[in-house]
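Listed below, chain by chain, are the residues.
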Amino acid sequence: MNAQQTLIALSERHPQVAPDELIAGLVPPPQFHDVSFAGYRTDDSEPSQARARNKLEEFVADSRSGGFFSKLFGKGQDGPKGVYLDGGYGVGKTHLLASAWHANEKPATFGTFVEYTNLVGALGFARARDDLSGMKLVCIDEFELDDPGDTVLMSRLMRELTDAGVKIIATSNTLPGALGEGRFAAQDFLREIQALADQFEVFRIDGQDYRQRAQSEPAPPVPADELDERTAELDGVVARDDFATLLAHLATVHPSRYGRMVDGVDAAIWENVETIEGENVALRFVALVDRLYDRDVRIVNSGQALDKIFTPEAISGGYRKKYLRCLSRLTALSSKD
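Below is a summary of the structure that appears in this document. (Residues numbered from 1 in each chain as written. Predicted model: local features only at pLDDT ≥ 70, side-chain atom pairs only at ≥ 80, totals over all residues. Heavy atoms only, no water.)

Quick look at the sheet that holds strand 6 (residues 200–205)
Turning to step 1, where the next piece is worked out: Overall, parallel pairing links the five strands, which are arranged 3-4-5-2-6 in an open sheet. Bordering the open sheet on either side are strand 3 (108–112) and strand 6, each of which pairs with just one other strand. Put simply, the sheet's adjacent strands are angled 15 degrees from each other on average, direction ignored.
Turning to step 2, where the next piece is worked out: Strand direction decides the pairing type here: strand 2 (residues 82–87) and strand 5 (residues 167–172), joined by five bridges, are parallel. Bridging across to strand 5, D86 finds its partner in S172. (Pairing = 2+ DSSP bridges. Helix = DSSP H or I, 4+ residues; strand = E, 2+ residues; numbered from the N terminus. Axes fitted to C-alpha atoms, helices over the stretch in contact; angles between N-to-C directions.)

And the structure:
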């Protein structure tokens, strides 16, 4: 280990997050702490990107001035109450969402869909609703419905927030009317899903995954006998874990605490990576990678290549988009200079 390095293990971290900290922690992650609409690089061949940026700029600016859109999205108005950005992974939806948060009046919250469902679980529905009802804007990234309970919960929460006059911007890889498809019997919850869809005006963003424009696959795994040398080359806080041990540890930590678990980490070393068997294990791993990506943590691994980390059955199943987004982020983090 070099003098500029602190070596830890994520599997030895047991973070605690008090309920009162959850609302305060709903802010853009470090990777997006200073983004802006001006910094969003649009692809001239994909005009939907500029249209989406302009829409959010107009939405934020008009709500500050009390203009047409603030009336449209205001309390007691009929029709859509928020903006929903639909598009593939890697087209900059999170950048635009964080830019809207920075540009909007405060108080405002920013979090992933799972962070909001975790918030309700930790605080209870009534307190979470009351706390969020005081916000001028609620930003929801990676909006997904993975089970019927989430469908009913989020439909009710979004409806009560918009009834209170709260503006909502959400991003997802799935159109709101198709949420839940392939993961549960969505047809049995069409009323709840449609109620969610009715809250939003939908804007589609097309384009190539920017994370794969320069790098189409993750960095190759490091031979096991070279991993010590590669680890020693890294500065800062380096988290080194046996992959199986890390996956087992994730089952003991609530996903709402994964962000706290990886706070301050500059690089993650995974030994003996293997293809993940089991959907619950894979989904916890996806949540971990999302938090590592938020913090721009470099990843180095031995064992299996990172693009083989999910089974073909997982990639073709109901959570396909989650896994593809995760692979895109693994490509970006493992290819960092």
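Re the sheet that holds strand 9 (residues 298–303)
Turning to step 1, where the next piece is worked out: Sheet architecture is open: four strands sit in the order 1-7-8-9, paired in parallel fashion. Each edge of the open sheet carries a strand with a single partner, namely strand 1 (5–8) and strand 9. Sheet twist, expressed as the average angle between the axes of neighbouring strands with direction ignored, equals 20 degrees.
Turning to step 2, where the next piece is worked out: Here five bridges tie strand 7 (residues 236–242) to strand 8 (residues 267–273), and the two strands are oriented parallel to one another. Bridge pairing in strand 8 links R240 to I269.

Some words on the packing of aromatic side chains
Turning to step 1, where the next piece is worked out: Applying the stated criterion to the full structure yields five aromatic pairs.
Turning to step 2, where the next piece is worked out: Centre to centre, the rings of F243 and W270 are 5.8 Å apart; their planes meet at 50 degrees, and the pair counts as tilted. Of this pair, F243 sits in helix 10 (residues 243–250) while W270 sits in strand 8, and the two are 27 residues apart along the sequence.
Turning to step 3, where the next piece is worked out: Exposure remark for W270: the relative accessible area of 0% places this residue in the buried category.
Turning to step 4, where the next piece is worked out: Arranged with centres 5.6 Å apart and planes meeting at 75 degrees, the rings of F243 and F285 form a pair that is edge-to-face. Here F243, found in helix 10, pairs with F285, found in helix 12 (residues 279–294); they are 42 residues apart in sequence, far enough to count as distant.
Turning to step 5, where the next piece is worked out: Within the aromatic cluster, the residues linked to one another by ring pairs are F243, W270, F285, F310 and Y323.
Turning to step 6, where the next piece is worked out: Just above the ring of F125 sits the side chain of R156; from NZ or CZ to the centre is 3.9 Å.
Turning to step 7, where the next piece is worked out: Above the plane of the ring of F59 lies K167, whose end atom (NZ or CZ) is 5.8 Å from the centre. (Phe/Tyr/Trp six-rings, centres within 6.5 Å; stacked < 30°, edge-to-face > 60°. Buried < 20%, exposed > 50% of the residue type's maximum accessible area, 1.4 Å probe, protein only. Lys NZ or Arg CZ within 6 Å of the ring centre and 35° of its normal.)

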